[in-house]
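# Examining the three-dimensional arrangement
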Amino acid sequence: MTATAHSHIGLEGIVHFKLTNSKTGETRQFEFKNLILDSGLNRFAVSGNLITGCILGSSGTTPVVSDTTISNILGSSTTLQASGAGSSNTTVLPYYTSRYWTYRFLEGVATGNISQVAMAYGSVNTIENTYSGLFSLALVRDSNSTPITITKLADEVLDVTYTLRIYVPELDTTGVTDISGVAYNYTVRA
């Protein structure tokens, strides 16, 4: 017999852009939070293979959780530079652990005005800029969380790092479940 106990985790996505001029070495960096889409939450629930590529777009349309596409695509990348376990916090609330993926856009790829970024799962075709699903979507933002457009020049390399933080519940979750007609109290603790 299977009994169900409900406890909720939190998810947060953080995008970091690092543009590097290939001639001068000069860098520009931006970091902002994103929107994890309904399709991303569904993917998180069923698959450990969460992120397989990054897609850049020039649309300034504000994302909503039900979005399934990114429009005005400038380019996509499956060139994974690094991935793995990220930082974690196990000493003070809120407790979390994280995982990260860094995708690279070489010189001449996805040049132009970037206003949106999406993290994709499943298949990503960088030639045709197609994908099978989106995990997250965000407007590019400045340090004040104001939507902005950045320009990637033809002589710049862009590294996009996506960090997914997973927060454990801060409080116990309690309830009652029925097992073979008998009610049992339960407590779920992180």
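Higher on the page you've got the structure.
Residues numbered from 1 in each chain as written. Predicted model: local features only at pLDDT ≥ 70, side-chain atom pairs only at ≥ 80, totals over all residues. Heavy atoms only, no water.

### Concerning the pattern of salt bridges
Short version of the rule: In what follows, salt bridge is the name for a side-chain nitrogen of Lys or Arg lying within 4 Å of a carboxyl oxygen of Asp or Glu. Helix and strand definitions follow DSSP, with helices as H or I runs of at least four residues and strands as E runs of at least two, each counted in order from the N terminus. For each residue, the accessible area found with a 1.4 Å probe, counting protein chains only, is set against the maximum for its type, and the residue is called buried under 20%, exposed over 50%, and partly exposed in between.
Summed over all chains, the structure comprises 4 salt bridges. As a salt-bridge pair, Glu-12 and Lys-33 come within 2.8 Å of each other at their nearest N and O atoms. In this pair, Glu-12 sits in strand 1 (residues 10–21) while Lys-33 sits in strand 2 (residues 27–33), placing the two residues 21 residues apart along the sequence. Overall, Glu-12 belongs to the buried group, its relative accessible area being 15%. A relative accessible area of 53% means that Lys-33 is categorised as exposed.

### Re a nonpolar patch on the surface
Rules: Patch definition: residues above 30% relative accessible area lacking any salt bridge, with like charges linked at up to 9 Å and the nonpolar side chains Val, Leu, Ile, Met, Phe, Trp and Tyr linked at up to 5 Å. Where accessible areas are quoted, they stem from the Shrake-Rupley method and a 1.4 Å probe; at the residue level, only the protein chains shown are allowed to cover.
A surface patch of nonpolar side chains, about 240 Å² in accessible area, is lined by Leu-93, Tyr-95 and Val-168. Looking at where Tyr-95 falls in the secondary structure, it is placed in the loop between strand 6 (80–89) and strand 7 (96–105). We classify Tyr-95 as partly exposed; its relative accessible area is 31%.

### Here we look at the pairing of strand 13 (residues 173–179)
The cut-off we apply is this: Here, a strand pair is defined by DSSP locating no fewer than two bridges between the strands.
Relative to strand 14 (residues 182–188), strand 13 is paired through 7 bridges, and the arrangement is antiparallel. Bridged to Ile-179 within strand 14 is Val-182. The turn linking strand 13 back onto strand 14 is made up of 2 residues, and Ser-180 within it adopts a positive phi angle of 55°.

Spatial relationships are all this shows, so hold off on functional conclusions.
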